[in-house]
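The lines below spell out each chain.
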Amino acid sequence: MEQFLQVLLSGLATGSIYALAAIGFTLVWQAAQTVNFAQGEFVMVPAFFVLVAMNMGMPFWLAMIIAMLVSVFLLGYLFKRAIVEPMQRQGHGNSLSLIIVTMALAILLKESVKEFYGAEAQPYPALMSSETWNIGGAIISVTDVLHLVISLGVVLLLTLFLDRTRTGRAMQATAQNPGVAEILGVDTNRMILYTFLINAALASLASFLITPVYLAKFSNGEYLGLIAFIAAIVGGFNQIRGALAGGLLIGVLDNMVATYLTAEYRAAIPLLLLIVVILFKPEGLLGTSEGRSV
Amino acid sequence: MLELKDLYGGYGKITILNGTSFKIPKACITTVIGPNGAGKSTVFKAIFGLLNISSGQILLEGEDVTGLKPKQMISKGVTYVPQGRNVVPQLSVYHNLELGGITAPDQDKVRERIEQVMDQFPMLRQFRDRKAIELSGGQQKQLEVARSLLLDPKLILIDEPSIGLSPNLVQEVFSTLQRLRDQGVTILMVEQNAKAALAMSDYGLVLELGQTRMHDDAQKLLADPRVGHLFLGGHLEEEEEA
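Starting from 1, residues in each chain are numbered consecutively following that chain's sequence as written. The order in which chains are written sets their letters, starting at A; the order in which ligands are written sets their numbers, starting at 1. Side-chain atom pairs in this predicted model are given and counted only at pLDDT of 80 or more, local residue features only at pLDDT of at least 70, and totals for whole chains, interfaces and linings cover all residues.

### What to know about the overall build of chain B
Where helices and strands are cited, they refer to DSSP runs of H or I of at least four residues and of E of at least two residues respectively, numbered from the N terminus. When helices and strands are tallied, chain B shows eleven helices and ten strands. Seen through its principal axes, chain B has C-alpha atoms that stretch 60 × 35 × 30 Å. The exposure scheme places C-beta atoms from the backbone and then counts, for each residue, the other C-beta atoms within 10 Å of its own, assigning buried at 20 or more, exposed at 12 or fewer, and partly exposed in between. Taken across its 242 residues, chain B has 44% of its residues classed as buried. Two residues qualify as a contact pair if the distance between their C-beta atoms, derived from the backbone, is within 7 Å. Sequence separation of at least 24 residues holds for 67% of the intrachain contacts in chain B that already meet a minimum separation of 6.

Given below as structure tokens:
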């Protein structure tokens, strides 16, 4: 029982980090119909910004702030302005072309990091100490608890922002019915930009939390991007709580399988989950099958 | 109130408006009728800044508003209710109304206006916290009309308000529009349901192939046999030749 609780908690902790990436993925999809296959690299890259900043002599906390700002600019603002917008202006915004462009971007980011920083996994500082608490026999990792609290806290703040502020509701209107948002005078382009910025911030946060576990490596994005994508689909693809549930579920399943069944096939678990969900509940666990009218 | 002068425009390379011109008076309801593809909805999009205008002019109370964006048109006192469903499905009725005033600098006033608008449409108050998607089609249309009133517009462009509504709901929407007209709001409406629409309008305007063919008192148009023919697929020129 004690072991089960430990495995569950650390699964939830990792899952909540996956959820951050998955939520960003979903938000960008909703707002701009952009399936961002570079999402995993968006989580991989910010950790390297931290390392670069620290190599320049900055303290860890400052390096994280700088890395977050740089990521929001590059992976949020520039991604939208330099890649998504020109594609959409040429009429490829809703098509396979944009997906392929994000795949190319993923390769570019991955190879650039390898070129400029090296192919070896780099040690990466942990956000907090690796203390543990002993609660009724279960060894609870403080890091896990903090990961869970930070991730869920950010998701809660994001939800409150979207539901309780006028800007958040204007963003929802833009995502749900862009034509209507426009005729009501909502600055839809700005709302979509906000979404891209939020996505980059979520990806950076996920990067800061997950990299101490994985170490900083150029190829980290491959698995993370796949997980974010699967979590979003499993959860329902069109809503935050779906992506959250999907992320948590994958985290827990992954951990449970690795502990109780086999560690060798753990990477197959998210894919199996994806297949099962698509076969039996194609609209996603929390999704609704409402169509999107274009 | 609103004047279109020799307007040309369309989607991409396809021109839909071929020199559309007309003038509509203040505080009246003018209904635009015409066969499918005549450019009725396109005229509205052109006025509201959702269409590329290649030439011509749009004057609002004498002021040139050609090519202004939707947001700017709203600030000039124009609102647009497109055809079909135009609510934000997952937001509450109240928050849908609030979006109607999103461009207003004074949000306290918007909240006051929402209360006033809900007084006019008691159904909306009853369902204020319900998601818009959960309303019936007629209720959603009322929500859209109510939302378009939030900033006290001078001119409302309303496209096919009767689509998908039961006859008594259509009457309800029409009488709302008449009430607004009596309060001094100018209304320009497109309707497939030409008979019913003309019957409640002050003026009628027949659009064909992007040009104004007839513009007269609604009652006169209603009595004009050519109007009937037009909707049976004939063309006005053929009628005139015959």
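### A word on the overall build of chain A
Within chain A, the secondary structure is distributed over eleven helices and two strands. Along its sequence from the N terminus, chain A presents helices and strands in the succession α-α-α-α-β-β-α-α-α-α-α-α-α. For the radius of gyration, the atom set is restricted to C-alpha positions; the globular benchmark scales as 2.2 Å times the number of residues to the power 0.38. The C-alpha atoms of chain A give a radius of gyration of 19 Å, which matches the 19 Å a tight globule of 294 residues would have. Its C-alpha atoms give chain A principal-axis dimensions of about 60 × 50 × 35 Å.

### Concerning the sheet that holds strand β5 (residues 63-64) of chain B
All names here are of chain B. We treat two strands as partners when DSSP finds at least two bridges between them. Judged by pairing direction, the sheet is antiparallel, and its four strands sit side by side in the order β2-β1-β4-β5 without closing on themselves. Each edge of the sheet is formed by a strand with only one pairing partner; in this case those strands are β2 (14-24) and β5. Pairing of strand β1 (residues 2-11) with strand β4 (residues 52-60) involves seven bridges; the strand directions are antiparallel. Paired with Gly9 across the bridge in β4 is Ile53. The angle between two axes is taken between their N-to-C directions and runs from 0 to 180 degrees, where each axis is a line fitted to C-alpha atoms and a helix contributes only its stretch in contact. Packed on one face of the sheet, helix α1 (residues 40-47) meets β1, β2 and β4 and runs near 75 degrees to β2.

### Notes on unusual backbone geometry
The backbone of A:Gln33 sits at a positive phi, close to 50 degrees, despite the residue not being glycine. Among the secondary structure elements, A:Gln33 is positioned in the loop between α1 (2-32) and α2 (39-55). The phi dihedral of B:Leu209 is positive, around 50 degrees, even though this residue is not glycine. Looking at the secondary structure, you find B:Leu209 in the loop between β9 (203-208) and β10 (211-217). Using a count of 16 C-beta atoms within 10 Å as the deciding quantity, one classes B:Leu209 as partly exposed.

### Here's the deal with the environment of A:Ser16
Residue and element names in this part refer to chain A. Mapped onto the secondary structure, Ser16 falls in helix α1. Overall, Ser16 belongs to the buried group, with 25 C-beta atoms counted inside 10 Å. Leaving out residues up to four positions away in the same chain, Ser16 has contacts with His147, Leu148, Ser151, Leu152, Gly247, Leu248 and Gly251.

### Some points on the interface of chain A and chain B
Between chain A and chain B, the residue contacts involve 13 residues of the former and 16 residues of the latter. Put simply, the parts of the chain that give the side of chain A that touches chain B at least two residues each are α6 (166-176) and α7 (178-183) of chain A. No other element matches the six residues that α6(A) contributes to the side of chain A that touches chain B. The classification used treats Ala, Val, Leu, Ile, Met, Phe, Trp, Tyr, Cys and Pro as nonpolar, Asp, Glu, Lys and Arg as charged, and all other residues, Gly among them, as polar. Class assignment of the residues belonging to the side of chain A that touches chain B gives a composition of six nonpolar, four polar and three charged.

### Quick word on the confidence of the model for chain B
Residues with a pLDDT of 70 or more make up 95% of chain B, whose mean pLDDT is 88. Mean pLDDT across the elements of chain B bottoms out in helix α11 (residues 236-241) of chain B (50) and peaks in helix α3 (residues 93-99) of chain B (96). Note: pLDDT gives the predictor's confidence per residue, expressed from 0 to 100.

### Some points on the nonpolar core
Linking buried Ala, Val, Leu, Ile, Met, Phe, Trp, Tyr and Cys residues through C-beta atoms within 7 Å yields a set, and such a set is a nonpolar core. By size, the foremost hydrophobic cluster in this structure holds 153 residues, and its most contacted members are A:Ala21 and A:Ala231. Setting aside chain neighbours within four positions, we find A:Ala21 in contact with A:Gln39, A:Val43, A:Leu202, A:Ala203, A:Ala206, A:Leu224 and A:Ala228.

### What about the pairing of strand β1 (residues 132-135) of chain A?
All names here are of chain A. For β1 and strand β2 (residues 138-141), the ladder comprises four bridges, and the chain directions are antiparallel. Looking across to β2, one finds that Ile135 is bridged to Ala138. Two successive antiparallel strands, β1 and β2, enclose a turn made up of two residues, where Gly136 displays a positive phi of approximately 55 degrees.

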